[in-house]
Amino acid sequence: MLPLEKVLAIALPKKLLPAFLSLGTASEQSTNAAAANDLGVTFLNVARESGLNTKTIFGGEHKNKYLLETTGCGVAFYDYDNDGWLDIFLVNGWRLEGFPAGQEPTSHLFKNNRDGTFTDVTAKAGLLHSGWGQGVCVGDYDNDGFDDLFVTYFGKNVLYHNNGNNTFTDVSEKAGVAGTGKRWNTGCAFVDYDRDGHLDLFVANYIDLDLKTAPVPESGPCLYKGVMVACGPPGLNGGKNILYHNNGDGTFSDVSEKSGILKANGTFDPEGQRHLRPRRAHCRSRQRRLAGHLRRQRFHRQRALSK
């Protein structure tokens, strides 16, 4: 379990640092660390001051029994409400022993307040969901102008349709992308691989993992530089990736075998050497929105410097 401020830091150009510090929002520790940096570029951790104060959980806090507990969780910066300001979605995980009812960790959506702070709107947006969260990708799969959200899990994946009114709807089962619930899904990417104008979905899988039969550190023993660690990925079977074709009607079809995706392991081949690193593709409309956002940011920064 890690404080979010150790997972996420927001960068500020050094020339803007004095103006930000004058607001009194940065902690003394962050300020001192920034002042000691003479490289010309300064990174100031303002996560806690900005309202990003949730904890990211993935497995045991002091000891990891399985490889699943070591991989961490994903994050997405994206403008879910099309107001020109990047918001933040943070994936959350789980623990082997579970949690008491009502205390289960969930992923979080933080709305950008346009003043350097964020507000947690997870519940209001309909995004409360618990599980072994892994990765996240963003794409407008139905071409309605609002970016949708896909979250991968060790278990069943979740596709959230952006309703365009600051809320989301879980359409995973209806769309046909939830999966079997028996895979370790990790990375993902929306990409129009056949150029038909509809974003398809690629889901990377790590290794085949069944916690009932998975090796534990003591079984090897599994060592790294003499220290006992969670076993894998070497020696474990690589998972099979998934490619979903967008049917253009809100549903997807699994074309993994037909497309040849199944011929490559998700992370390692039997010798543990071959890697497959999918990259997220952006549709043109998203590129235009991002370019516009960057222009606005540049304008506001220049305006702040001129004062």
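Fair warning: this is a prediction, and the values are worked out from it, not measured in the lab.

Conventions we followed
- Residues numbered from 1 in each chain as written.
- Predicted model: local features only at pLDDT ≥ 70, side-chain atom pairs only at ≥ 80, totals over all residues.
- Heavy atoms only, no water.
- Phe/Tyr/Trp six-rings, centres within 6.5 Å; stacked < 30°, edge-to-face > 60°.
- Helix = DSSP H or I, 4+ residues; strand = E, 2+ residues; numbered from the N terminus.
- Pairing = 2+ DSSP bridges.
- Axes fitted to C-alpha atoms, helices over the stretch in contact; angles between N-to-C directions.
- Buried < 20%, exposed > 50% of the residue type's maximum accessible area, 1.4 Å probe, protein only.
- Contact = heavy atoms within 4.5 Å.
- Salt bridge = Lys/Arg side-chain N within 4 Å of Asp/Glu carboxyl O.
- Disulfide = S-S within 2.5 Å.

1. Brief notes about the packing of aromatic side chains
What the rule picks out here adds up to 5 aromatic pairs. Where Trp94 meets Phe99, the ring centres are 5.0 Å apart and the plane angle is 65°; that geometry is what we call edge-to-face. Judged by centre distance (5.7 Å) and plane angle (50°), the ring pair of Tyr141 and Phe252 falls under tilted. Within this pair, whereas Tyr141 is found in the loop between strand S7 (133–139) and strand S8 (148–153), its partner Phe252 is found in strand S16 (residues 252–254), the two being separated by 111 residues in sequence.

2. Topic: the sheet that holds strand S10 (residues 168–170)
The strand order across the open sheet built from 4 strands is S7-S8-S9-S10, with neighbouring strands paired in antiparallel fashion. Both outer strands of the open sheet, S7 and S10, are each paired with one neighbouring strand and no more. If you compare each strand with its neighbour and ignore which way they point, the axes differ by 20° on average.

3. Some points on the side chain of Asp148
Structurally, Asp148 is set in strand S8. Judged by relative accessible area, Asp148 falls into the buried class, the value being 0%. When neighbours within four sequence positions are excluded, Asp148 is seen to be in contact with Cys137, Val138, Gly139, Asp140, Tyr141, Asp142, Tyr160, His161 and Asn162.

4. Things to note about the pairing of strand S3 (residues 75–78)
Every other side chain in a regular strand lies on the same face of the sheet, so the side chains alternate between the two faces. By the alternation rule, side chains of S3 split into Ala76 and Tyr78, which are all buried, and Val75 and Phe77, of which none is buried. Across 4 bridges, the pairing between S3 and strand S4 (residues 87–90) is antiparallel. Bridging from a neighbouring strand, Phe77 pairs with Ile88 of S4.

5. With respect to the pattern of salt bridges
One pass over the full model with this rule turns up 4 salt bridges. A salt bridge links Asp83 to Lys111, with the nearest nitrogen and oxygen atoms 3.4 Å apart. Of this pair, Asp83 sits in the loop between S3 and S4 while Lys111 sits in strand S5 (residues 108–112), placing them 28 residues apart in sequence. Accessibility expressed as a relative area gives 23% for Lys111, which makes it partly exposed. Across the salt bridge formed by Arg114 and Asp83, the nearest N and O atoms sit 3.4 Å from each other. Linking Arg114 in the loop between S5 and strand S6 (118–120) with Asp83 in the loop between S3 and S4, this pair joins segments that are 31 residues apart in sequence.

6. What to know about the state of the cysteines
Within this structure, the stated rule accounts for 2 disulfides. Between Cys137 and Cys188 runs a disulfide, and the two sulfur atoms are separated by 2.4 Å. Handedness here is read from the sign of the S-S torsion; for Cys137 and Cys188, about -125°, the answer is left-handed. Note that Cys137 is positioned in strand S7 and Cys188 in strand S11 (residues 185–191), a separation of 51 residues in sequence. Across a sulfur-sulfur distance of 1.9 Å, Cys222 and Cys231 are joined as a disulfide pair. Looking along the S-S bond of the Cys222-Cys231 disulfide, the torsion reads about 100°, which is the right-handed sense. With respect to class, Cys222 is no different from Cys231; both count as buried. Within the chain, bonded cysteines paired by disulfides and numbered along the sequence follow the pattern 1-2, 3-4.

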